Amino acid sequence: MSTAPLLVFGAGHIGRAMAQSALAAPGAPPVHVVTRQPDAPDGATHHRIDAADEPALAALAKTLPEISGLLITTGTLHTEAYAPEKTLKALDPQAMAEVYRVNCILPATILKHFLPRLPRNTPAFAAALSARVGSISDNALGGWVSYRASKAALNQVIRTFSIELARTHPQARLIGLHPGTVATPLSQPYRGTAPTVFTPAESAAHLWRVIEGTTPEHSGNLFAWDGQHIAP
Ligand SMILES: NC(=O)c1ccc[n+]([C@@H]2O[C@H](COP(=O)([O-])OP(=O)(O)OC[C@H]3O[C@@H](n4cnc5c(N)ncnc54)[C@H](OP(=O)(O)O)[C@@H]3O)[C@@H](O)[C@H]2O)c1
């Protein structure tokens, strides 16, 4: 087992649960958590960094010559300043740019700095939390244009970087993950009719199973919590 650390970006509800689950696994590597928050789960090494601060990301990457895995759990759907759009009239360009920045540009920047830190000659993974609603072919309802478009763009980033990764790190895979509907503040106003709502710990357990079940042949794709492939 490698002693190179697992690097987790984001200490939101699902991110924390995934880090805690990794920390509890027997023989697991050390866990480093990068977050804007003042604390990280007990047992993790805490890096208080905003992923928008690219020089800070570059400095962190210098201190971590190798990582065994990379997990990006950041993302946004609503804040006090914006909410998912019901109609095209609701589109606010500034809000759309912010959702795009958080959901696509931040993960892309993290991948830029930390995909090269995966080992070149042993199996390793990188994964980012995306969302099923980022699937263009699955979009039958409309609405939520900023969130949908930003997650579709993230899925394209994942596909694009997976191709480059395969050339330099043939044993690594980079995948997107849909965590299901999870009881967190992010989904709280919108999960009324969801048939199943997971706790963050339940979703984390599912997502770790999906990560462990993937190989480099799966790289570049989006998978749901139950392992199902989600078409782009
Ligand atoms: N909950 C669901 O039902 C559901 C369903 C589908 C997909 N997802 C996806 O799962 C991921 C995690 O969701 P969650 O429910 O765990 O949400 P959450 O508890 O609200 O966590 C949000 C995470 O995103 C980061 N973040 C939010 N705004 C940011 C900003 N402006 N700049 C930098 N970082 C920011 C936070 O970083 P800090 O750690 O620095 O605070 C936090 O780690 C998201 O990508 C979401 O789209 C969730």
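Below you will find a few notes about this structure.

Calculation criteria
- Residues numbered from 1 in each chain as written.
- Predicted model: local features only at pLDDT ≥ 70, side-chain atom pairs only at ≥ 80, totals over all residues.
- Heavy atoms only, no water.
- Helix = DSSP H or I, 4+ residues; strand = E, 2+ residues; numbered from the N terminus.
- Buried < 20%, exposed > 50% of the residue type's maximum accessible area, 1.4 Å probe, protein only.
- Contact = heavy atoms within 4.5 Å.
- Pairing = 2+ DSSP bridges.
- Axes fitted to C-alpha atoms, helices over the stretch in contact; angles between N-to-C directions.
- Near = heavy atom within 4 Å.
- Polar contact = N/O pair within 3.5 Å; in protein donor to acceptor, adjacent residues only side chain to side chain.
- Areas by Shrake-Rupley, 256 points an atom, 1.4 Å probe, with all protein chains shown as cover.
- Nonpolar A, V, L, I, M, F, W, Y, C, P; charged D, E, K, R; others polar.
- Phe/Tyr/Trp six-rings, centres within 6.5 Å; stacked < 30°, edge-to-face > 60°.
- Parallel < 35°, antiparallel > 145°, perpendicular 65-115°, else oblique.
- Left-handed = near helix turned anticlockwise from the far one by under 90°.

1. Some words on the overall build of the protein chain
- A tally of regular secondary structure across the protein chain gives five helices and eight strands.
- In the protein chain, the succession of α and β elements from N to C terminus is β-α-β-β-α-β-α-β-α-β-α-β-β.
- Taken along its principal axes, the extent of the C-alpha atoms in the protein chain is 50 × 40 × 35 Å.
- In the protein chain, which comprises 232 residues, the proportion classed as buried is 48%.
- Across the protein chain, every contact between residues at least 6 apart in sequence was considered, and the portion connecting residues at least 24 apart equals 69%.

2. Looking at the environment of Pro-93
- As for its position among the elements, Pro-93 is in helix H3 (residues 93–114).
- Between the C-alpha atom of Pro-93 and that of Ser-146, which follows or precedes it by 53 residues, the distance is 9.2 Å.

3. Examining the pairing of strand E2 (residues 31–35)
- Along E2, five of the five residues are buried, which leaves the element largely enclosed by surrounding structure.
- Of the two faces of E2, the one lined by Val-31, Val-33 and Thr-35 and the one lined by His-32 and Val-34 are each fully buried.
- Two strands pair when backbone bridges link them, and E2 and strand E3 (residues 45–48) are joined in this way by four bridges, in the parallel orientation. Each bridged residue has a counterpart across the sheet, and for Val-33 the counterpart in E3 is His-46.

4. Quick look at the sheet that holds strand E7 (residues 222–224)
- Reading across the sheet, the eight strands line up as E3-E2-E1-E4-E5-E6-E7-E8 and stay open at both edges, with mixed pairing between neighbours. The sheet terminates laterally at E3 and strand E8 (229–230), the two strands that pair on one side only.
- Where strand E4 (residues 69–72) meets strand E5 (residues 124–129), four bridges bridge the pair, whose relative direction is parallel. Counterpart to Gly-69 in the pairing with E5 is Phe-125.
- Against the sheet, H3 makes contact with strand E1 (6–9), E4 and strand E6 (172–178), and its axis sits at roughly 170° relative to E4, the strand it touches most.

5. Comments concerning the site of the ligand
- Surveying the vicinity of the ligand reveals 28 residues, the closest of which are Ala-11, His-13, Thr-35, Tyr-147 and Thr-184.
- The backbone of Gly-75 places a nitrogen or oxygen atom 2.9 Å from an oxygen atom of the ligand.
- Residue Tyr-147 places a side-chain N or O atom 2.6 Å away from an oxygen atom belonging to the ligand.
- With the chains in place, 88% of the 890 Å² that the ligand exposes on its own is no longer accessible.
- Residue assignment for the shell around the ligand shows that the elements contributing at least two residues are helix H1 (13–24), H3 and helix H4 (145–168).
- Broken down by element, the residue count for the shell around the ligand peaks at four residues, all from H3.
- Considering only residue class, the shell around the ligand consists of 10 nonpolar, 14 polar and four charged.

6. Considering the packing of aromatic side chains
- Inspection of the entire model under this criterion finds five aromatic pairs.
- Judged by centre distance (5.9 Å) and plane angle (75°), the ring pair of Trp-144 and Tyr-147 falls under edge-to-face.
- Plain terms: the ring middles of Phe-198 and Trp-225 are 4.7 Å apart, the flat faces sit at 65° to each other, and that makes the pair edge-to-face. Residue Phe-198 is found in the loop between E6 and helix H5 (200–212), and its partner Trp-225 is found in the loop between E7 and E8; the two are separated by 27 residues along the sequence.
- Pairwise contacts between aromatic rings join Trp-144, Tyr-147 and Tyr-190 into one cluster.

7. What to know about the packing of helix H2 (residues 54–63) against H3
- Two elements in contact, H2 and H3, have axes whose closest approach is 9 Å; the angle formed by their N-to-C orientations is 30°. In terms of their interaxial angle, H2 and H3 are classed as roughly parallel. Note that H2 runs across H3; the crossing there is right-handed. Between H2, through Glu-54, Leu-57, Ala-58, Leu-60 and Ala-61, and H3, the contact on the second element is made entirely by Thr-109, Ile-110, Lys-112, His-113 and Phe-114.

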